[in-house]
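Structure at a glance
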Amino acid sequence: MSDRRSRREFMGLTTTGAAGILARPWLGDSGGIFPPTAAQRPQGVDPDLVVFNGKVYTMDDATPRAEAFAVSGGRFVAVGSTAAIKGLAGNRTQTFDAKQMTIVPGFTDCHNHADGTTLLYEVLVGNPFEVEFVTIASIIEKLRAKAQQLPPGTWVEGYFHDDTKLKDKRPLTRHDLDKVSTEHPVVVEHRGGHTSFYNTKALEMAKVTKDTPNPPGGTFDRDESGNLTGRVTDLARDVFDGVGQRPSFTPEQRAQRERDGIAHISKQFARYGLTSVHHEGGDLAAIQDVRARGDLRHRVSYETSGRMLDAMISNGIRSGFGDDWVRFGATSEHVVDGSFSERTMALSVPYPGRQPPYKGNVTTTQDDLDAWVERVHRAGIQVNCHANGDVAIDMYLTALERANKAAPRADARPKITHCTLVNETLVRRMKALGAVPAMFTTYTYYNTDKFPFYGQDLMKRALAFRTMLDAGIHAAAGSDFSPGPFAPLMGIQGMVTRTGWDGTTWGANQRVSVDEALRINTLNGAYAAHEESAKGSITAGKLADFVVLADDPHTVPNDKIKDIQIVRTVVGGSTTYQA
Ligand SMILES: [Zn+2]
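Parameters at a glance
Residues numbered from 1 in each chain as written. Predicted model: local features only at pLDDT ≥ 70, side-chain atom pairs only at ≥ 80, totals over all residues. Heavy atoms only, no water. Helix = DSSP H or I, 4+ residues; strand = E, 2+ residues; numbered from the N terminus. Rg over C-alpha atoms; globule rule 2.2 N^0.38 Å. Buried < 20%, exposed > 50% of the residue type's maximum accessible area, 1.4 Å probe, protein only. Contact = heavy atoms within 4.5 Å. Donors = N, O, S within 2.8 Å, 3.2 Å for Na, K, Ca; no water. Tetrahedral: all angles 85-135°; square planar, octahedral: opposite > 155°, others 65-115°. Axes fitted to C-alpha atoms, helices over the stretch in contact; angles between N-to-C directions. Parallel < 35°, antiparallel > 145°, perpendicular 65-115°, else oblique. Nonpolar A, V, L, I, M, F, W, Y, C, P; charged D, E, K, R; others polar. Left-handed = near helix turned anticlockwise from the far one by under 90°. Pairing = 2+ DSSP bridges. Polar contact = N/O pair within 3.5 Å; in protein donor to acceptor, adjacent residues only side chain to side chain. Salt bridge = Lys/Arg side-chain N within 4 Å of Asp/Glu carboxyl O.

1. Describing the overall build of the protein
- A tally of helices and strands in the protein yields 18 helices and 25 strands.
- The C-alpha atoms of the protein give a radius of gyration of 24 Å, which matches the 25 Å a tight globule of 579 residues would have.
- Along the longest, intermediate and shortest principal axes, the C-alpha atoms of the protein span 80 × 55 × 50 Å.
- Across the 579 residues in the protein, those meeting the buried criterion constitute 59%.
- Long-range contacts, defined as pairs at least 24 residues apart, comprise 72% of the intrachain contacts of the protein with a sequence gap of at least 6.

2. Looking at the coordination of the zinc ion
- The protein atoms that coordinate the zinc ion are His111 (NE2), His113 (NE2), Glu333 (OE) and Asp480 (OD), at distances spanning 2.1 to 2.2 Å.
- Seen from the zinc ion, its four donor atoms lie at angles of 79 to 176°, and the figure they make is irregular.
- Counting gaps between the donor residues of the zinc ion yields the pattern H-x1-H-x219-E-x146-D. With Glu333 in the loop between strand S17 (326-331) and strand S18 (334-335) and Asp480 in the loop between strand S22 (476-477) and helix H16 (488-497), the pair connects residues that are 147 residues apart, well separated along the chain.
- Under the relative-accessibility criterion, Asp480 is labelled buried at 5%.

3. Things to note about the packing of helix H9 (residues 306-315) against helix H10 (residues 366-378)
- It is the contact of H9 with H10, at a shortest axis distance of 10 Å, that shows an interaxial angle of 45°. Taken together, the axis directions place H9 and H10 in an arrangement best described as oblique. For the pair H9 and H10, contact is made by Leu309, Asp310 and Ile313 and by Trp372, Arg375 and Val376, respectively.
- Its residues assigned to classes, the contact of H9 with H10 comprises four nonpolar, no polar and two charged.

4. A few points about the packing of H16 against helix H17 (residues 514-521)
- The interhelical angle for the contact between H16 and H17, taken along N-to-C directions, is 135°, at an axis separation of 9 Å. As summarised for this structure, H16 and H17 are arranged oblique, according to the angle between their axes. The crossing of H16 and H17 is right-handed. Together, Pro488, Ile492, Met495 and Val496 of H16 and Val514, Ala517, Leu518, Ile520 and Asn521 of H17 make up the contact between the two elements.
- Broken down by class, the residue content of the contact of H16 with H17 amounts to eight nonpolar, one polar and no charged.

5. Focus on the sheet that holds strand S23 (residues 546-549)
- Here six strands make up an open sheet; going across it, the order is S3-S2-S7-S23-S24-S25 and the pairing mixed. On the outer flanks of this sheet lie strand S3 (65-66) and strand S25 (574-578), each paired with one strand and no other.
- Here strand S2 (residues 55-57) runs beside strand S7 (residues 102-105); their pairing, made up of two bridges, is parallel. By the bridge assignment, Lys55 is partnered in S7 with Thr102.

6. As for the side chain of His190
- Considering the arrangement of structural elements, one finds His190 in strand S11 (residues 186-190).
- One polar contact links His190 to Asp163, side chain to side chain, over a distance of 2.7 Å.
- In this structure the side chain of His190 is engaged in a polar contact, spanning 2.9 Å, whose partner is the backbone nitrogen of Gly192.
- Other than its neighbours up to four places away in sequence, His190 contacts His161, Asp162, Asp163, Thr195, Phe197, Ser341, Glu342 and Lys450.

7. Some points on the pattern of salt bridges
- Inspection of the entire model under this criterion finds 34 salt bridges.
- Between Asp295 and Arg293 there is a salt bridge, and its shortest N-O distance comes to 2.9 Å.
- Among the residues examined, Asp295 registers a relative accessible area of 3% and is labelled buried.
- The exposure class of Arg293 is buried, given its relative accessible area of 16%.
- Ionic pairing is found between Arg299 and Asp545, a salt bridge with its closest N-O pair at 2.7 Å. Taken together, the residues Arg299 in strand S16 (residues 299-304) and Asp545 in the loop between helix H18 (523-528) and S23 connect sequence positions 246 residues apart.
- The exposure class of Asp545 is buried, given its relative accessible area of 5%.

8. Regarding unusual backbone geometry
- For the bond running from Gln355 to Pro356, omega is -5°, close enough to zero to count as cis.
- In this fold, Pro356 is placed in the loop between S18 and H10.
- In this structure, Ser482 follows Phe481 across a cis peptide bond, with omega equal to 15°.
- Here Ser482 lies in the loop between S22 and H16.
- One non-glycine residue with positive phi stands out, namely Arg498, at about 60°.
- Among the secondary structure elements, Arg498 is positioned in the loop between H16 and H17.

9. Some remarks on the environment of Ser72
- With respect to the helices and strands, Ser72 occurs in strand S4 (residues 68-72).
- The exposure class of Ser72 is buried, given its relative accessible area of 3%.
- C-alpha separation for the pair Ser72 and Pro47, spaced 25 residues apart in sequence, amounts to 4.8 Å.
- At 3.5 Å, the side chain of Ser72 and the backbone nitrogen of Asp48 are in polar contact.

10. Regarding the side chain of Thr58
- Within the secondary structure, Thr58 is located in the loop between S2 and S3.
- Relative accessible area serves as the criterion here: at 0%, Thr58 is assigned to the buried category.
- Ignoring anything within four residues of it in the chain, the contact list for Thr58 reads Thr63, Pro64, Arg65, Ala66, Val79, Pro105, Ser537 and Ile538.

11. Some thoughts on the pairing of strand S15 (residues 274-280)
- With seven of seven residues buried, S15 lies mostly within the body of the structure.
- Judged from the five bridges that link them, S15 and S16 form a sheet pairing that is parallel. Directly across from His279, in S16, lies its bridge partner Tyr302.

12. A few points about the sheet that holds S17
- An order of S8-S15-S16-S17 is seen for the four strands of this open sheet, with the pairing classed as parallel. Here the strands that pair on one side only, and so sit at the sheet edges, are strand S8 (107-112) and S17. Averaged over neighbouring strand pairs, the angle between their axes works out to 20° when direction is ignored.
- Contacts between helix H7 (residues 251-271) and the sheet are confined to S8 and S15, with S15 contributing the most and set at about 135° to the helix.

Keep in mind these numbers describe shape, not what the thing actually does.
Next up, the structure:
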């Protein structure tokens, strides 16, 4: 790998201009927390970095606005006016004139599948990062090229499909995918992760016919004549697990792919201003390897399940264990229902206009959910469930209330991933439990083409950031990448406008201010992982994670927020991205 070179560039070592922020490597987590003012500062200790002449939105209520700050040992050590902070610079201090650009705390994404391996190595049939329409013909063409490299009987897989981003204006069917191959099982995965589209060969290999009944928690979709369309939802997809061949890799190859994937996606995060990301699982060894070689550009809150969660419970490892770069967070999302974007989430009312009436998929029983929540809660680990629809959120809150009664724990902050459709009662129960929702951010812009399936009435209660903030709930941002693009500025634009790429506006009653949207994406993200004393605002003593923006989201037109250039992303005082 040629990563040494990119590492040097990223650390700023090749930046010779006077404005180059940082030629100083990360000094380690023991880098001191320096007192906040010059008067208290030990004699002879110069800050590593002084940033001045900026429009700094600190997200710190004590001093919401500033012009300048100083950084030492990877942390902010003083925040204030240009005049006061410039005076702190010594001979060895690097200085950066922000030239009136806007500076905000680094962005935090509280729900991200962080799958760089797919981005690097798989067939992408849609655009992971931006709104882009594609043709069904282009999907067939890409997959056909892949099929030609694989022996018959081996899966041909496409990723990042979005059913409402097709120029053809009709759904992908198994007949389309039969054009890819009749010898290979073919699947196109919806980027939302809850629905998949199969060709006839795959359905045959899994012995699914038009007469196969739908299992609990999933469907084999059929057309008006009762024939299989190829679309399969949620748990019905389990029948494909043991079918067909998949490409195999040696342990070394697999480890290499995982490392490459983490390094790749970390670069993408930095490009969009993210400094902390809550990872849904992924390869923990790869994350540590990439960190050790200096290519990890974001802080990881690692969320896990299955065997690793069992090991945490049996060995007493709790949320919060780790360091400022890689730390165990909540569990990964324990799934209670289906998907918002793919219209399988569990609703208390039928989906508008659906025949036969359909209320979405519940993917667990209350008893199983109760037992899982209580076990995790008792182990001192932050509980986290995926609950989209009001039915699923109600089930999860019921399990939490029960667990909390059985084993009261102060400030447990149970996490609700998505928490998409709420009502007054649910919000009141969330507040009483101190629950922290990680809600879709970019959907309001990116997925506006899916909101007609719900209608204005439901959308007034969906992605309900206004309601959450008004109730005093620390709502945080969770892109759910790959389902949603992860650009924080795209998310902020959507939260502020509630208007999508197609110009339509949904649930305008849930709009928040630019400042509130920034807080959701920064300080509230830190709060969601019990890290608000260490990050989330530009405050002396906190980790020096910040983003320099070319324009001020408070003053550009609201529909241009997503286009603001990220000039620089900085983690612990080190530059991780530079435009
Ligand atoms: Zn997810």
